[in-house]
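Letter by letter, the chains look like this.
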Amino acid sequence: MEDENCIFCKIVKGKIKSQKVMETDNFFAFLDANPRAEGHILVVPKRHFVTLLDIPDKLGEEMLNFIKKIASDLLDKKKGDGFNIIMNNLECAGQAVKHAHIHVVPRKEGDGMHLFV
Ligand code: 5GP
Ligand code: ZN
């Protein structure tokens, strides 16, 4: 179900411009407007879900395959030496946009970014 006020639903529908990275029937990947690293990608299901827990199992499996494709492309194209997959679920965990999304963040040797290490 689309949320009328949801910016990611608008991005999926092309009502808000974004830089598309890849698209399938059920998923859309685009560049983060405020990248934490060059090439920082957001992956969203086209349907409006709020958190990981709302995404049906079968779609979740498809999402993981889509993320793997995005991440392996990123390595193939040398946009990173590695990558982080991050998903913020609910407000206290840093979820600002209430449409489930996964961050795919390219990492480079010596980039100085510290997440959990
Ligand atoms: P969250 O903190 O909810 O996990 O991350 C939301 C992400 O969405 C942020 O990294 C933010 O930069 C990105 N974002 C918010 N609004 C827009 C937008 O209109 N376009 C794009 N491309 N990214 C957005
Ligand atoms: Zn939405």
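First things first, this report covers the structure right here in the doc. Note that the structure is predicted; figures quoted are calculated from it, not measured.

Turning our eyes to something else, we now look at the site of ligand 1. D32, G94, A96, H101 and H103 are the nearest of the 17 residues found near ligand 1. H103 has a polar side-chain atom sitting 2.8 Å from an oxygen atom of ligand 1. Protein contacts shield 82% of the accessible area of ligand 1, which totals 520 Å² for the unbound molecule. By residue number, the principal contributor to the shell around ligand 1 is helix α1 (residues 7-12), which donates three residues. Taken together, the residues of the shell around ligand 1 break down into nine nonpolar, six polar and two charged.

If you walk through the whole model with that rule in mind, you get three aromatic pairs. Where F8 meets F30, the ring centres are 5.4 Å apart and the plane angle is 75°; that geometry is what we call edge-to-face. Of this pair, F8 sits in helix α1 while F30 sits in strand β2 (residues 27-31), and the two are 22 residues apart along the sequence. The burial state of F8 is the same as that of F30; both residues are buried.

Core analysis: the largest hydrophobic core is formed by 16 residues, its most contacted members being A29, V43, F66, I70 and V104. Taken together, the elements giving at least two residues each to this core come down to β2, β3 (41-45), α2 (57-76) and β5 (102-107). Counting residues per element, this core draws most heavily on α2, which supplies six residues. Discounting residues that sit within four places of it in the chain, I70 has contacts with V21, M22, A29, I41, V43 and V104. Among the nonpolar cores identified, the runner-up in size contains ten residues, and V12, F30, L42 and V44 belong to it.

Analysis parameters
- Position labels on residues start from 1 in each chain and follow its written sequence.
- Chains carry letters from A onward and ligands carry numbers from 1 onward, assigned in written order.
- Owing to the predicted nature of the model, reporting of local features is limited to residues with pLDDT of at least 70; listing and counting of side-chain atom pairs is limited to 80 or more, with chain, interface and lining totals taken over all residues.
- Heavy atoms from the whole structure form the basis of all side-chain values; hydrogens and water molecules are not counted.
- One heavy atom suffices: a residue is near a molecule or strand as soon as one of its heavy atoms comes within 4 Å of it.
- Polar contact criterion, stated in full: a pair of N or O atoms within 3.5 Å, where within protein one must be able to donate a hydrogen and the other to accept it, and residues adjacent in sequence count only if both atoms are side-chain atoms.
- A 1.4 Å probe and the Shrake-Rupley method give the accessible areas. Residues count as covered only by the protein chains that appear here.
- The numbering of helices and of strands both runs from the N terminus, where a helix is a DSSP run of H or I of at least 4 residues and a strand a run of E of at least 2.
- Amino acid classes used here: Ala, Val, Leu, Ile, Met, Phe, Trp, Tyr, Cys and Pro are nonpolar; Asp, Glu, Lys and Arg are charged; the rest, including Gly, are polar.
- Note on aromatic contacts: the rings of Phe and Tyr and the six-membered ring of Trp form a pair at centre separations within 6.5 Å, being stacked when their planes are under 30 degrees apart, edge-to-face when over 60 apart, and tilted otherwise.
- Note on exposure labels: buried denotes an accessible area under 20% of the residue type's maximum, exposed denotes more than 50%, and partly exposed covers the range between, all computed with a 1.4 Å probe on protein chains only.
- We define a nonpolar core as any set of buried Ala, Val, Leu, Ile, Met, Phe, Trp, Tyr and Cys residues linked to one another through side-chain atoms lying within 4.5 Å.
- A contact between two residues is defined here by any heavy atoms of the two lying within 4.5 Å.

As far as function goes, none of this settles anything; it's purely spatial.
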